[in-house]
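Listed below are the residues making up each chain.
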Amino acid sequence: MDLYKPLGLALLLLLGLCSQYALRNQGATLGAPAHLAARSWVSTLSSWPFGAQSRPPAEGPKRRLLQDAENDKHADEAVKQLIVRLNASRLLPLPVKPQERCVLTKGTWCMQYHLQAPVPRYPPRYYDKPCPNDCNGVGNCNHEYGLCFCPAGWGGPDCSQPRKRPCHHMGEGKRDAGWHNLTAWSHTRCAGVCDDDVAMCYCPPDTKYGHREAPPGARPGAPPEQRGRPLFMCTPGTDKDGKKVEWGGTPYEDMFGPEGWCNADKPKFTCPCRLDGLLGPTCSEVVEQTCTNQCSGHGECNQGFCKCHAGWYGVDCGLRRAGVLSEVGDEWLTKPWIEPTLTHTVATEDPPLTPVRRRPYIYVYDMKPDFSTDLMQYRIEGSHCLYRSFGHGNRTSFVGYNAYGVEPVLHELFLTSEHRTLDPEEADYFYVPVNLGCLFDVYGWNEIPRWPRGLLGPRTHGAAMMQREAMRWLNATFPYFARRGGRDHIWVNPHDEGACYVWKEVWPGVMLSHWGRLDFPHASNTAYGQDNYSLPLHHAAHPGDWRDHTSLAHPCFDPKKDLVVPAFKQPALYNKSPFLGAPADRERDVFAFFIGDLRMEPGRDPACRYSRCIRQRLYNISRDQHWKEAHGVLYGERKDIGSDATYSELLARSKFCFVLPGDGWSPRWEDAVLHGCVPVVIMDDVQVVFESLIDVSLFSLRIPEADLDRVVDILKALPQAKLAEMQRHLARVWHRYRYMGLRMLEDSARSIMWDYRAEAGGKAPRTPGAEFSTSRQDDAFATILQWLYHRIPEVHGTQQASKAGALTAGAASDSVGVAAAA
Ligand SMILES: *[C@@H]1O[C@H](CO)[C@@H](O)[C@H](O)[C@H]1NC(C)=O
Ligand SMILES: *[C@@H]1O[C@H](CO)[C@@H](O)[C@H](O)[C@H]1NC(C)=O
Ligand SMILES: *[C@@H]1O[C@H](CO)[C@@H](O)[C@H](O)[C@H]1NC(C)=O
Ligand SMILES: *[C@@H]1O[C@H](CO)[C@@H](O)[C@H](O)[C@H]1NC(C)=O
Ligand SMILES: *[C@@H]1O[C@H](CO)[C@@H](O)[C@H](O)[C@H]1NC(C)=O
Ligand SMILES: *[C@@H]1O[C@H](CO)[C@@H](O)[C@H](O)[C@H]1NC(C)=O
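Note that the structure is a prediction, hence the values are computed from the model and not measured.

1. Some remarks on the overall build of the chain
- Of regular secondary structure, the chain possesses 22 helices and 31 strands.
- For the chain, the proportion of its 822 residues judged to be buried stands at 58%.
- Of all intrachain contacts in the chain linking residues separated by at least 6 positions in sequence, the fraction that spans at least 24 positions is 67%.
- Accessible surface, the chain as shown: approximately 33,700 Å² in total, 56% of it carbon and sulfur.

The following block contains the structure:
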């Protein structure tokens, strides 16, 4: 017995370290329900770099006395070594003291947040308002509002009225109205049969792989008898007699012949298969579709619309109707593959497993489908509007590129956040999840959605109108919008030119965007004509020119009430960063770096509008001044760089990285900071991410547009010691520029860091900044919330400020009060 005591101690210690590790790095583990917490435990342990410790060989009883002392000595030594190895495998501790956590921040927002005294968390509020006709069995009843939210195709107060999205030129039997006498091309012209709930085209019902609807009399919303193969982006160039069809391109036989896409088991021609949930060359592999928070395991996902199981509601089916037992309908047991996508929701814990809470309290609206899930269901590309999806075998994966990915990411973060409240009466802020970025993917493919119906203006006009409609719906449905003039409503504007063209009645709210343009008056600078918000447009829906209600009425960004937030980057996009644990022994051998679109091909952008002509002018300067040969600067498009190193690798190898605009924002600040490369910002009158919150001058350079010629001289003039200091600062603040806190993000960051640790023989990275590699502490989302806290008094108005102060215990109330008075 004694023999094993030291070993037992060591194991205890191991468990202790593991659990600390798990807690520190997982944040949510503390509040996770048993099954999630258990899973995290198992993964933490099973990925531990050491195998199970083998017991020493058993000894005969006779030799025991003699050997006891010797054994103890060995065991002590073994324990010591184990502790050393364990210690080496752990990341360095994160800063704990508010002063340390607030390094490099400006003003008091950060300290104020940390000085507030947490208060006990109470069980969530439950609601039980009924809905008419049980929403016809197709929609979800929001039991807080007593409103039905219907999937695409259904409408009316009880989801019983058709709300269709027909294909272009759709006629009898949902077939095309005339291949020859109607010649106009459209994205949603359908040569097969149209699913007119969402304007998706499938092989016609009389083919083997045709779409066959549920029989007449089936329950509303019943799935089709056979879904069939999609005919998406696949249009016939000829009819069955070989006569040319103006709006198509594919030979008739290839689509509808016996060997064609719609009939053959192994068709010789394949149409694209890009719908969410269908994979493989013949679109026959059914995989899980993607929904917000994967319907929390309490619903079925249909192209972005969660149909919740009985007793559950909300956009992610995360809310439980009053009186329903919590165990009903947990789906991760029957669909284990959704588990790695589920982020634990703190606000619905009952009893509260996360014992305390801090302000700000944020209420997340459940939005009318017109502004939210409809857009998801109208997607034509599986990857549109998402940040993650399911691949072969239902493996989770990140969507490779969605510039507006912050939209679905923030929605899930707000829903799962410990700052979320289910009680709008106590809310400090209201988060408005409108799928604005998603509209940019969907807009123009079909007559629906358009805002207003029938008008196809610039995409920016459509988006601004949709946002205005969402605001009007909120204002007509809830008392909260008018209560504080909309100042406490949070809107995300992920588009390239951010909030430049937001409706003036929406503008008083908190605008989160990636574009910190300050000048006023301002005009659109996009080279993408469809998005030009300075195009005049008159319509009865808004008296006069829309610009008078939008871009001419306010700047793009007001640093006082708005925030420039990081674009979304999944960890794999900075996997070569020393901050994720990549070995940092190599000297940064690239002096300065930029790879990106230049659009200098003749005729491409004759007026040189793109990037304010900064990228292009710099390119010519780099060529004329021989930057590459003379200074080791890599600048240009991929072909100019002459290296097949990954983007992440090049960023990690560079001392300076250029931050230049694109059509509006371009996520170069994030790229630079996340790789420890000192950002060189060249865009006048545009704030970079969190510039209003963090003293970015301590780790970045800003060069006026007028000084392009001198860029290299300016960089060369920076003393080595100053550069080293900036690099040290970057390591202390980089984590604020990326999002953690969602299950897949944490898993991904952890697996990258663990790989580096394994390569280093079990030693955790000790590079400055790597201590944050897998932590959500003070990440981008936390930074946003901390800043929001400090703005409460101002947003609520002076009178509300004292109330806000009174609600907040201790020192924080004083500092909030001071801020309000200032
Ligand atoms: C663990 O390592 C740190 C430095 O990396 C050191 O300060 C600390 O004393 C070590 N702890 C133990 C128990 O060895
Ligand atoms: C177009 O042709 C179809 C037959 O192919 C006919 O049914 C339809 O009425 C025609 N439509 C028009 C607008 O001429
Ligand atoms: C993937 O998910 C879909 C939808 O839930 C399911 O039908 C399918 O069987 C799953 N496939 C695997 C390999 O688990
Ligand atoms: C909100 O509704 C109130 C009351 O109906 C109305 O007076 C106000 O003008 C509305 N605000 C906006 C921005 O539409
Ligand atoms: C946008 O439209 C306005 C008005 O037609 C025009 O003056 C401006 O040049 C356009 N902007 C861009 C970047 O093309
Ligand atoms: C760059 O140089 C080319 C000639 O090589 C010239 O045609 C082009 O106008 C220049 N562009 C800029 C933005 O200076």
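What follows picks up the thread again.
2. Brief notes about the environment of S697
- Summarising the element assignment, S697 is placed in the loop between strand 30 (686-687) and strand 31 (701-702).
- The exposure class assigned to S697 is partly exposed, which follows from its relative accessible area of 45%.
- For the pair formed by S697 and P679, sequence separation is 18 residues and the distance between their alpha carbons is 10.0 Å.
- Among the polar contacts listed, one links the side chain of S697 to the side chain of D695, at a separation of 2.7 Å.

3. Looking at the nonpolar core
- If you look at the biggest cluster of nonpolar residues, it comprises 179 residues, and the most contacted ones within it are L410, F658, Y737 and Y739.
- Here this core takes 9 residues from helix 21 (residues 780-807), the largest share from any one element.
- Membership of the second largest hydrophobic core comes to 11 residues, among which are I595, L634, A672 and C677.

4. Concerning the site of ligand 5
- Around ligand 5, the surrounding shell consists of S524, N525, T526, N532, S534, L535 and R609.
- For ligand 5, an oxygen atom lies 2.3 Å from a polar atom in the side chain of N532.
- Taking R609, its side chain carries an N or O atom lying 3.3 Å from an oxygen atom of ligand 5.
- Burial of ligand 5 by the surrounding chains reaches 59%, relative to a free accessible area of 360 Å².
- Looking at the shell around ligand 5, its residues break down into 1 nonpolar, 5 polar and 1 charged.

5. Describing the state of the cysteines
- On inspection of all chains with the given rule, the structure shows 16 disulfides.
- The side chain of C190 participates in a disulfide bridge whose partner is C201; the two sulfur atoms lie 2.0 Å from each other. Negative torsions about the S-S bond denote left-handed disulfides, and the value of about 75 degrees found for C190 with C201 makes this one right-handed. Linking C190 in the loop between strand 5 (161-163) and strand 6 (193-195) with C201 in strand 7 (residues 200-202), this pair joins segments that are 11 residues apart in sequence.
- Residue classification places C201 among the buried residues on the basis of a relative accessible area of 6%.
- Between the sulfur atoms of C203 and its disulfide partner C262 the distance amounts to 2.0 Å. With the S-S bond torsion at -80 degrees, the cross-link from C203 to C262 turns out left-handed. Residue C203 is located in the loop between strand 7 and helix 6 (252-256), and its partner C262 is located in the loop between helix 6 and strand 8 (278-279); the two are separated by 59 residues in the primary sequence. The burial state of C203 is the same as that of C262; both residues are buried.

6. Focus on the UniProt feature "domain: EGF-like" (unreviewed entry) in the chain
- Feature annotation in UniProt places "domain: EGF-like" (unreviewed entry) on residues 127-160, given in this structure's numbering.
- This span, residues 127-160, is 0% helix and 26% strand, and a straight line between its end C-alpha atoms measures 24 Å.

7. Remarks on the sheet that holds strand 28 (residues 654-659)
- Reading across from one edge, 27-26-28-29-31 is the order of the 5 strands in this open sheet, with parallel pairing throughout. Two strands close off the open sheet at either side, each with one partner strand: strand 27 (633-636) and strand 31.
- Across 4 bridges, strand 28 lies against strand 29 (residues 678-681) in parallel orientation. Pairing of F658 across the sheet is with V680, part of strand 29.
- Docked against the sheet, helix 13 (residues 614-624) engages strand 26 (590-595) and strand 27, running at close to 130 degrees with respect to strand 27.
- Along the sheet face, helix 19 (residues 720-733) touches strand 28, strand 29 and strand 31 and points at about 105 degrees away from the line of strand 29.

8. Describing unusual backbone geometry
- Across the junction of R359 and P360, the peptide omega takes the value 10 degrees, indicating a cis bond.
- For P360, the location among the structural elements is in the loop between strand 14 (356-357) and strand 15 (362-364).
- Between F520 and P521 the backbone carries a cis peptide bond, its omega angle lying at 0 degrees.
- Note on placement: P521 falls in the loop between strand 22 (516-517) and strand 23 (538-539).
- Not every positive phi belongs to a glycine, and C159 is a case in point at roughly 60 degrees.
- Looking at the element boundaries, C159 is found in the loop between strand 4 (153-155) and strand 5.
- Phi angles above zero are rare outside glycine, and S296 is one such case at about 55 degrees.
- Within the secondary structure, S296 is located in the loop between strand 9 (285-286) and strand 10 (299-302).

About the criteria used
- The numbering scheme is per chain: residues are counted from 1 as the chain's sequence reads.
- To label them, take the chains in the order written and letter them from A, then take the ligands in the order written and number them from 1.
- For this predicted model, a pLDDT threshold of at least 70 governs which residues receive local features, and a threshold of 80 or more governs which side-chain atom pairs are given and counted, while totals over whole chains, interfaces and linings are taken from all residues.
- Derived side-chain values reflect all non-hydrogen atoms in the structure, with water molecules and hydrogen atoms excluded from consideration.
- Helical segments are the DSSP runs of H or I of at least four residues, strand segments are the runs of E of at least two, and each set is numbered from the N terminus.
- Here's how the labels work: a residue is buried when its accessible area is under 20% of the maximum for its type, exposed when over 50%, partly exposed in between, all with a 1.4 Å probe on protein chains only.
- Any pair of residues with heavy atoms lying within 4.5 Å of one another is described as a contacting pair.
- For the area figures, the Shrake-Rupley method with a 1.4 Å probe applies, and any residue is considered shielded solely by the protein chains shown.
- Pairs of N or O atoms are called polar contacts if they sit within 3.5 Å, as long as, within protein, a hydrogen donor faces a hydrogen acceptor (for residues adjacent in sequence, only side-chain-to-side-chain pairs).
- As used in this record, nonpolar core signifies buried Ala, Val, Leu, Ile, Met, Phe, Trp, Tyr and Cys residues forming a set joined through side-chain atoms within 4.5 Å.
- Think of it this way: one heavy atom of a residue within 4 Å of a molecule or strand is enough to make that residue near it.
- Under the scheme applied, nonpolar residues are Ala, Val, Leu, Ile, Met, Phe, Trp, Tyr, Cys and Pro; charged residues are Asp, Glu, Lys and Arg; polar residues are all the others, including Gly.
- By convention in this document, the label disulfide applies to cysteine sulfur atom pairs within 2.5 Å.
- UniProt positions are given in the numbering used here, feature names are shortened, and annotations may be inferred rather than shown by experiment.
- In this description, strands pair whenever DSSP reports at least two bridges between them.
- Angles shown run from 0 to 180 degrees and are taken between the N-to-C directions of axes, each axis being a line fitted to C-alpha atoms and, for helices, limited to the stretch in contact.

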